[in-house]
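Residue-level structural notes
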Amino acid sequence: MAYSVSQGVRDSVRSLSMRLSILGLCAVIGGVLADDLKAQTLLSNPDEGKNVAGGTGPLAPRPAPPPTEPAVGTTDPKGGPAPAPVPLPVPAPQPEPPQPAPAPETPQEAGTTPPEETADTGTETPEAGALAPEESSGPAPAVGADIPATLAVLAAGFPEGEAESFTQMLIGLPDGVSADTIGHLLYPRRQFDRAAWFFGVAAQRPGASAASLNNFGVLAMEVYADAPDAWPETMLQAAHDALVAANAVQPDEPAILTNLGNAARRLGLHDAAAEHGGRATELAPEEPLYWTNLARSLAAAGDADGAAAALARAHLLEPNGLALLETLPALPGAAPGYSRALQTQCDVNFRCQEICPRSIIGGLMSVTYEIENSSAQIACTEGRPYPTSYRCEEDLPEYGILIPGLNSGFSVAVPGFSAHVLVQGDGSVDVRVEAGASIGPVGGYLRADGHYDPSGGVSFDNPGGGVRVNLLPNSPANQLASDLGHPPVHIEAETLNGGPVQINGEAYNAGLLSF
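Residues numbered from 1 in each chain as written. Predicted model: local features only at pLDDT ≥ 70, side-chain atom pairs only at ≥ 80, totals over all residues. Heavy atoms only, no water.

**Here we look at helix H3 (residues 162-171)**
Cut-off, in case you're wondering: Burial here depends on accessible area, computed with a 1.4 Å probe over protein chains only, as a share of the maximum for the residue type. Under 20% is buried, over 50% is exposed, and the range in between is partly exposed. Counting from the N terminus, the helices are DSSP H or I runs at least four residues long and the strands are E runs at least two residues long. What the arc describes is the spread of directions from the helix axis to the C-beta atoms.
For H3, the set of buried residues is Glu162, Ala163, Phe166, Thr167, Met169 and Leu170. Seen end-on, H3 carries its buried residues on one side only, within an arc spanning 165°.

**Examining the environment of Pro251**
Its place among the elements puts Pro251 in the loop between helix H7 (234-249) and helix H8 (254-266). Overall, the relative accessible area of 54% leaves Pro251 in the exposed class. On a C-alpha basis, the gap between Pro251 and Ala210 in space is 9.3 Å, while along the polypeptide they are 41 residues apart.

**Remarks on the packing of aromatic side chains**
Put simply, the rule reads: Pairs were defined over the aromatic rings of Phe, Tyr and Trp, the Trp ring being its six-membered one, requiring ring centres within 6.5 Å. Orientation was assigned from the angle between planes: stacked under 30 degrees, edge-to-face over 60, tilted for the rest. Remark: a charge is flagged as sitting over a ring if the NZ atom of Lys or the CZ atom of Arg is within 6 Å of the ring centre and within 35 degrees of the ring normal.
In this structure the tally under the stated criterion is eight aromatic pairs. Centre to centre, the rings of Phe158 and Phe166 are 6.1 Å apart; their planes meet at 70°, and the pair counts as edge-to-face. Phe166 shares its class with Phe158; the two are buried. Ring geometry for Phe350 versus Tyr390: centroids 6.1 Å apart, planes at 20°, classification stacked. Linking Phe350 in the loop between helix H13 (335-345) and helix H14 (352-355) with Tyr390 in the loop between helix H15 (360-381) and strand S1 (409-414), this pair joins segments that are 40 residues apart in sequence. Judged by its relative accessible area of 30%, Tyr390 falls in the partly exposed class. Connected via pairs of aromatic rings, a cluster forms that spans Phe158, Phe166, Trp197 and Phe198. A cation sits over an aromatic face here: Arg194 above Phe158, 5.1 Å from the ring centre.

**Some points on the packing of helix H9 (residues 270-283) against helix H10 (residues 288-300)**
Selection rule: Helix axes are fitted to C-alpha atoms over the stretch in contact, other axes to C-alpha atoms as well, and angles between N-to-C directions run from 0 to 180 degrees. Comment on the angle field: the value is read as roughly parallel under 35 degrees, roughly antiparallel over 145, roughly perpendicular from 65 to 115, and oblique elsewhere. Less than a right angle of anticlockwise turn of the near helix away from the far helix marks a crossing as left-handed, whereas a clockwise turn marks it as right-handed. Every residue pair with non-hydrogen atoms within 4.5 Å of one another is taken to be in contact. Three classes are used: nonpolar for Ala, Val, Leu, Ile, Met, Phe, Trp, Tyr, Cys and Pro, charged for Asp, Glu, Lys and Arg, and polar for all others, with Gly counted as polar.
Contact pair H9 / H10: the axes reach a minimum separation of 9 Å and the direction vectors enclose 160°. Considered as vectors, H9 and H10 are oriented roughly antiparallel to each other. For the pair H9 and H10, the crossing hand works out as left-handed. Where H9 abuts H10, its residues His270, Ala273, Ala274, Gly277, Gly278, Ala280 and Thr281 lie against Tyr290, Trp291, Leu294, Ser297, Leu298 and Ala300. Along the lines of polarity and charge, the residues of the contact of H9 with H10 split into eight nonpolar, five polar and no charged.

**Some thoughts on the pattern of salt bridges**
Our working definition: Put simply, a salt bridge is a Lys or Arg side-chain nitrogen that is within 4 Å of an Asp or Glu carboxyl oxygen.
Throughout the structure, instances matching the rule amount to 14 salt bridges. Put simply, Arg313 and Glu286 hold a salt bridge, and the shortest N to O gap is 3.8 Å. With a gap of 27 residues between them, Arg313 in helix H11 (residues 304-317) and Glu286 in the loop between H9 and H10 connect regions that are remote in the sequence. Sharing partners across several salt bridges, the network here consists of Arg432, Arg447, Asp449 and Glu494.

**Description of H9**
Owing to its 3.6 residues per turn, the α-helix brings residues three or four apart onto one side. Heads up, the rule is: The span expected for a helix works out to 1.5 Å for each residue beyond the first.
For H9, which comprises 14 residues, the first-to-last C-alpha distance of 20 Å matches the rise-based estimate of 20 Å (1.5 Å per residue) to within 8%. All of the buried residues in H9 are Ala273, Ala274, His276, Gly277, Gly278, Ala280 and Thr281. Looking at the packing, one finds that the buried side of H9 touches H8 and H10.

**A word on the environment of Ala152**
Along the polypeptide, Ala152 turns up in helix H2 (residues 147-156). Here Ala152 falls in the buried class, since its relative accessible area comes to 5%. Between the alpha carbons of Ala152 and Ala163 there is a distance of 8.9 Å; along the sequence they are 11 residues apart.

**Looking at the nonpolar core**
The line we're drawing: What is meant by a nonpolar core is a set of buried Ala, Val, Leu, Ile, Met, Phe, Trp, Tyr and Cys residues, joined one to another through side-chain atoms within 4.5 Å.
Core analysis: the biggest nonpolar cluster contains 48 residues, and Leu154, Leu170, Trp197, Phe198, Phe216, Trp231 and Met235 have the highest contact counts within it. Contributions of two or more residues to this core are made by H2, H3, helix H4 (179-186), helix H5 (192-203), helix H6 (210-226), H7 and H8. With near-sequence residues (within four places) excluded, Phe198 lies in contact with Phe166, Met169, Leu170, Ala179, Ile182, Gly183 and Leu186. Within the second largest apolar cluster, 28 residues are counted, among which are Leu298, Val348, Tyr386 and Cys392.

**What to know about the side chain of Glu492**
The line we're drawing: Here a polar contact means two N or O atoms within 3.5 Å. Within protein one must be a hydrogen donor candidate and the other an acceptor candidate, and residues neighboring in sequence count only if both atoms are side-chain atoms.
Counting through the fold element by element, Glu492 comes out in strand S6 (residues 489-496). Judged by relative accessible area, which is 3%, Glu492 ranks as buried. Reaching out from Glu492, the side chain makes a polar contact with the side chain of Tyr445 at a distance of 2.8 Å. A polar atom in the side chain of Glu492 sits 2.9 Å from the side chain of Arg468. Excluding residues that lie within four positions of it along the chain, Glu492 makes contacts with Tyr445, Val467, Arg468, Gln502, Ile503, Asn504 and Glu506.

**Some points on unusual backbone geometry**
One non-glycine residue, Arg351, lies in positive phi territory at about 60°. You can see Arg351 is positioned in the loop between H13 and H14. Residue class for Arg351 comes out partly exposed when judged on its relative accessible area of 40%. Even without a glycine there, the phi angle at Asn497 is positive, about 55°. Relative to the assigned elements, Asn497 resides in the loop between S6 and strand S7 (502-507).

**Describing the pairing of strand S3 (residues 429-439)**
Heads up, the condition is: Only when DSSP finds a minimum of two bridges between them are two strands counted as paired.
Summarising the sheet, strand S2 (residues 417-423) and S3 pair through seven bridges and their orientation is antiparallel. Following the sheet pairing, Val421 is matched in S3 by Val431. Taken together, S2 and the strand that follows it, S3, pair antiparallel across an intervening segment of five residues, in which Gly427 is found at a positive phi of about 95°. Remark: two residues form the turn of the hairpin made by S3 and strand S4 (residues 442-453), two consecutive strands paired antiparallel; Gly440 in that turn has positive phi of roughly 65°.

**A few points about the environment of Ala301**
In this fold, Ala301 is placed in the loop between H10 and H11. The exposure class assigned to Ala301 is partly exposed, which follows from its relative accessible area of 39%. With 27 residues separating them along the chain, Ala301 and Ala274 place their C-alpha atoms 7.8 Å apart.

**Overview of the confidence of the model for the protein**
Quick note on the threshold: A score from 0 to 100, pLDDT tells how confident the predictor is in each residue.
For the protein, per-residue confidence averages 77 on the pLDDT scale, and 70% of positions sit at 70 or higher. Scored below 50 in pLDDT, residues 1-6 shows one contact in the model against residues more than four places distant or in partner chains. Under a pLDDT of 50 for its full length, residues 46-144 has, in the predicted model, 278 contacts with residues more than four places off or in other chains.

**Digging into the state of the cysteines**
Applied cut-off: In what follows, a disulfide is any cysteine sulfur pair within 2.5 Å.
Tallied over the full model, the rule gives two disulfides. Across the disulfide, Cys346 is cross-linked to Cys380 (sulfur-sulfur distance 1.9 Å). Torsion about the S-S bond of the Cys346 and Cys380 cystine: about -85°, corresponding to left-handed handedness. Note that Cys346 is positioned in the loop between H13 and H14 and Cys380 in helix H15, a separation of 34 residues in sequence. Classification of Cys346 as buried rests on a relative accessible area of 8%. Taking relative accessible area as the criterion, Cys380 reaches 1% and is therefore assigned buried. Here Cys356 connects covalently by a disulfide to Cys392, the sulfurs 2.0 Å from one another. Taking the sign of the torsion about the S-S bond as the criterion, the disulfide between Cys356 and Cys392, at about 115°, is right-handed.

Structure (structure tokens):
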């Protein structure tokens, strides 16, 4: 028999699941990681550039319950009654000392930070981390749009009763857990509207930190951008004003400035957007993400040549970065200038003759290397992704010996001991040593690899050992092969780096089966 569940029941179950999940996370964090989670982190705009117009995006508000009488004097900027404000929590103040912001992962115009950074964001890519915000010692600067009103609008999109439940939960949080903490938990789970609500609770307090203001502004901006026809325009203005306040609390923080530039651009404040974006690149000139954000602002202001120059700088820093790859299709007007810049800027050099081994095999490898170098140069000038380096190294032998001239090294092999030495083109040296003994067809051995790098010194890896059983009939030749550690056909049980034992069937050290 089939049963149907009403939408109201489904919403209630989803709301209860969300509350229990957050409460459980808070309990774990409060009991185990309280000291680590008192800090705040500058977040980024996670999905700019991939929003769906018309209120159809995943962050569009859910259908509201039947309308009720609006509060006296409360109206929506787009006309009609605005949602009744949700009572905001008034928990006891909790100190929230800053900590360095972890670098989010994928720099693109769309994606999450911890693990996916965005191209139109304020935090860094995996290559650069935002500075830790400083706690404000006084009241937060006044902002033009009302944060509590924005929180009420956000709460109206939650399932019925969820915002009130969050309010009660915040009043009884354990030590070391705050609204910011919960915002950070929800953000990587892509619950952006709820994360914005929690960050907003922290941002509206007197003395709010730059991180709380920045994080509220970024996520409120993203929620609005995902479904601009479904949210009041005051949400975008509140996001911008919160970022202005964050910049006042912590001036010259490039992550905040690039976010502020993005918000200004969305509001049509093109000169201000270019100014903030340009200042971010001055403070962090090696961050490609800030250059692509600046390019968007310059393009919006009608400066196609300036946008092309900013894109070319981002290409120079990270030619295959997601920030650049996501921004290029969005700025077709900058494409001609960007293409011209690449013609003189692209200089792909794998340094084939410097890093390939000095041997016959190394010479053959360098031919392939040069072909790949030429292909990469063409791809660069055409604005396509391309490799920036190429591995040109010989490998230590699994079977047999190294022959000087043919290989860039040599081998020493006597019964019970063997050593192989390779000298790569860049001056690094690889060594493999094996020692053991055999009785009839059975031989045991120990082995290890060593490496010397001119810039990194000496290192060792792959320590281990095993047992080989020669499967060919006993003969003087087979016995010598076993003594040298190279039985032609054998079964081997081996462990490396303390890992589990693997049993392999091999012929001339080429694997036939493994388990």
